[in-house]
Amino acid sequence: MPLLVMKFGGTSVATLDRIRRAAKRVGREVANGYDVIVIVSAMAGKTNELVGWVEETSPLFDAREYDAVVSSGENVTAGLMALTLQEMDVPARSWQGWQVPLKTSPVHAAARIEEIPTHNINTKFAEGMKVAVVAGFQGVTEEGRIATLGRGGSDTTAVAFAAAFGAERCDIYTDVDGVYTTDPRISSKARKLDKIAFEEMLELASLGAKVLQTRSVELAMRYKVPLRVLSSFEEYDPNAGTLVCDEEEIMESNVVSGVAYSRDEAKVTLVSVADRPGVAAAIFGTLSDGGVNVDMIIQNISEEGRTDMTFSCPTNQVARADRAVQEAREKGLINYHDVVVDNDVCKISVVGIGMRSHTGVAAQMFDALSSEGINIKVITTSEIKISVLIDRKYLELAVQALHDAFGLEKAG
Ligand code: ADP
Ligand code: ASP
Ligand code: MG
């Protein structure tokens, strides 16, 4: 039997009515002759509520218990989806991660999928089950503890199942009808893309476009899983949505294909550190050991053998960064005069494969921002993206200005 993976995000299973709607789509694919693996998220808002309960109970929580709590939202929707399908006379059953068993690394709250044995589910398909409904976002460690895959992780569950079972396609049903040139909630001029290259989607996701979890795009690219993003609210259309595919499958595209943003960034400066070999290694080694995800880095020109070292990280990691550098200073591992934190910045990025062969994109980006009077605080570039750190109050303005400057409302 050909097989499809269909993933429904939180808004698509937010109420019993919406679960029924999603189940109807699944029923249609079964009628079309497919076996289906359905991956469900928790009902919209549920995971946030669970995370809030954990943080209120225990601010420095044990990540294993965090996972035990926050994984539970998906258990509810998996069971409800299976029941809804049964009510429609579609043979279905639910599976929690450990029942599959989806095996993960022991890094709680950010676990990686290590293995998905197909035997248990395939045995049930062979016995006549048409739909396996699997709770997304969760798995089980070697030790037998429940682990979650990081926020947005159900996308990754879906792609991993598609790869493991050799699915014809992985369809991600969400609350927008595809991948846009930028977040359609920020710019009304955002344009839906029919196709986007894996590499561009990977950059957009890792730079903040949360429509797909970054790791899900990595897996789709590695295992060549055709990945489609589409809306669960629109009428059935076999050509709907955006296909994430190989670059070669895309005929025309703009130099810049999308603008991404990450709202909650902080800029941290260690003032007056010694400018000599080994200092950067000591500082960033300290931060890495402290569990801080450092993103951008700049080092100023030094004066009299001392310099300032600036880096960015998510705002919710500033306290951790501060503690890590203070402890390292007390132990004499690093030395600085002061720590200056700017908590009110955001990161804006432009992404496009076309940048490989076009020059002047950075100049055009900086020009567009300066025309709006927006000051750039930090810049980083790679082959197909340019990112800047700016004051958070300019986020919407900057996204719109860049969308206009690169003509993204029109196809290239
Ligand atoms: P789900 O709950 O279905 O997983 P998410 O909220 O995780 O949905 O992701 C969908 C959201 O991603 C959209 O509502 C949209 O606001 C946001 N988004 C950000 N950037 C983009 C983009 N470039 N294209 C489409 N959606 C985007
Ligand atoms: N429910 C989880 C979250 O909100 C996983 C997901 O929806 O992908 O992060
Ligand atoms: Mg999501």
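The rules behind the values
- Residues numbered from 1 in each chain as written.
- Chains lettered and ligands numbered in written order.
- Predicted model: local features only at pLDDT ≥ 70, side-chain atom pairs only at ≥ 80, totals over all residues.
- Heavy atoms only, no water.
- UniProt positions renumbered as here; feature names shortened; annotations may be inferred.
- Helix = DSSP H or I, 4+ residues; strand = E, 2+ residues; numbered from the N terminus.
- Contact = heavy atoms within 4.5 Å.
- Buried < 20%, exposed > 50% of the residue type's maximum accessible area, 1.4 Å probe, protein only.
- Polar contact = N/O pair within 3.5 Å; in protein donor to acceptor, adjacent residues only side chain to side chain.
- Near = heavy atom within 4 Å.
- Areas by Shrake-Rupley, 256 points an atom, 1.4 Å probe, with all protein chains shown as cover.
- Nonpolar A, V, L, I, M, F, W, Y, C, P; charged D, E, K, R; others polar.
- Pairing = 2+ DSSP bridges.
- 1 Å grid on protein atoms, 1.4 Å probe; cavity = no way out; pocket = protein on both sides within 12 Å on 5 of 7 lines; lining within 4 Å.
- Points joined across faces, edges and corners; volume = space filled by probe spheres on them.
- Phe/Tyr/Trp six-rings, centres within 6.5 Å; stacked < 30°, edge-to-face > 60°.
- Lys NZ or Arg CZ within 6 Å of the ring centre and 35° of its normal.

- The protein is annotated in an unreviewed UniProt entry as Aspartokinase from Aliiruegeria lutimaris.
- Check the Catalytic activity (unreviewed entry) section of the UniProt entry for the protein; it says "L-aspartate + ATP = 4-phospho-L-aspartate + ADP".
- UniProt, in its Sequence similarities (unreviewed entry) section for the protein, records the words "Belongs to the aspartokinase family."

## A few points about the UniProt feature "binding site: substrate" (unreviewed entry) in the protein
Alright, step 1. Here, the residues flagged by UniProt with the feature "binding site: substrate" (unreviewed entry) are T47 and E74. Spanning 28 residues, the named residues form one tight spatial group whose C-alpha atoms are at most 8.7 Å apart.
Alright, step 2. Positionally, T47 belongs in helix α2 (residues 46-57).
Alright, step 3. Those residues in contact with T47 that lie beyond four places of it in its chain are A42, V70, E74, F137 and R151.
Alright, step 4. Mapped onto the elements, E74 comes out in helix α4 (residues 72-87).
Alright, step 5. Look at E74 and you get buried, because its relative accessible area is 3%.
Alright, step 6. Residue contacts for E74: discarding those within four places in its chain leaves V40, S41, A42, T47, A135, G136, F137, Q138 and S154.
Alright, step 7. A distance of 2.9 Å separates the side chain of E74 from the backbone nitrogen of A42, its partner in a polar contact.

## Here we look at the side chain of S232
Alright, step 1. The residue S232 is located in the loop between β11 (227-231) and β12 (242-245) in this model.
Alright, step 2. A polar contact is formed between the side chain of S232 and the side chain of S12, at a distance of 2.8 Å.
Alright, step 3. In this structure, S232 is in contact with F8, S12, R21, R25, Y173 and T174, ignoring residues within four places of it in sequence.

## Looking at the site of ligand 1
Alright, step 1. With respect to spatial proximity, 16 residues lie near ligand 1, and among them T174, D175, Y180, D183 and R185 are the closest.
Alright, step 2. The separation between an oxygen atom of ligand 1 and a polar side-chain atom of D175 is 2.9 Å.
Alright, step 3. Between D183 and ligand 1, the recorded distance is 2.9 Å, taken from a side-chain N or O atom to an oxygen atom.
Alright, step 4. Contact with the protein chains removes 88% of the 570 Å² of surface that ligand 1 exposes when unbound.
Alright, step 5. Residue composition of the shell around ligand 1, by class: six nonpolar, five polar and five charged.

## Digging into the sheet that holds strand β7 (residues 138-141)
Alright, step 1. Within the open sheet, the four strands sit side by side as β5-β4-β7-β8. Their pairing is mixed. Taken across any chain shown, the strands that pair with only one partner, and hence form the sheet edges, are β5 (113-115) and β8 (146-148).
Alright, step 2. Where β7 lies against β8, three bridges are found, and the strand directions are antiparallel. Residue pairing in the sheet places G139 in a bridge with A147 of β8.

## Some details on the layout of surface pockets
Alright, step 1. Empty space within the second largest pocket amounts to approximately 370 Å³.
Alright, step 2. As for the second largest pocket, its lining consists of 22 residues, and the residues nearest its centre are K195, I250, E252, S253 and N254.
Alright, step 3. At three residues, the largest contribution of residues to the lining of the second largest pocket is made by strand β10 (residues 195-197).
Alright, step 4. Looking at the lining of the second largest pocket residue by residue, the class counts come to eight nonpolar, seven polar and seven charged.

## Considering the UniProt feature "binding site: ATP" (unreviewed entry) in the protein
Alright, step 1. Sites flagged by UniProt as "binding site: ATP" (unreviewed entry) map to K7, F8, G9, G10, T174, D175, Y180, R185, K210 and V211.
Alright, step 2. In this structure, D175 sits in the loop between β9 (169-174) and β10.
Alright, step 3. With near-sequence residues (within four places) excluded, D175 lies in contact with T11, R185 and F233.
Alright, step 4. Here the side chain of D175 touches T174 through a polar contact of 3.2 Å, side chain to side chain.
Alright, step 5. Looking at where Y180 falls in the secondary structure, it is placed in the loop between β9 and β10.
Alright, step 6. Apart from residues no more than four positions distant in its own chain, Y180 is found in contact with A190, R191, K192 and L193.

## Notes on the packing of aromatic side chains
Alright, step 1. For the structure shown, the criterion picks out four aromatic pairs.
Alright, step 2. Taking 5.0 Å as the distance between ring centres and 15 degrees as the angle between the ring planes, the aromatic pair formed by F61 and Y66 counts as stacked.
Alright, step 3. Judged by relative accessible area, Y66 falls into the buried class, the value being 11%.
Alright, step 4. With a centroid separation of 6.0 Å and an interplanar angle of 80 degrees, the aromatic rings of F284 and F311 are classed as edge-to-face. Of this pair, F284 sits in helix α9 (residues 279-289) while F311 sits in strand β15 (residues 306-314), and the two are 27 residues apart along the sequence.
Alright, step 5. Sitting over the face of the ring of Y336, R329 holds its NZ or CZ atom 4.2 Å from the ring centroid.

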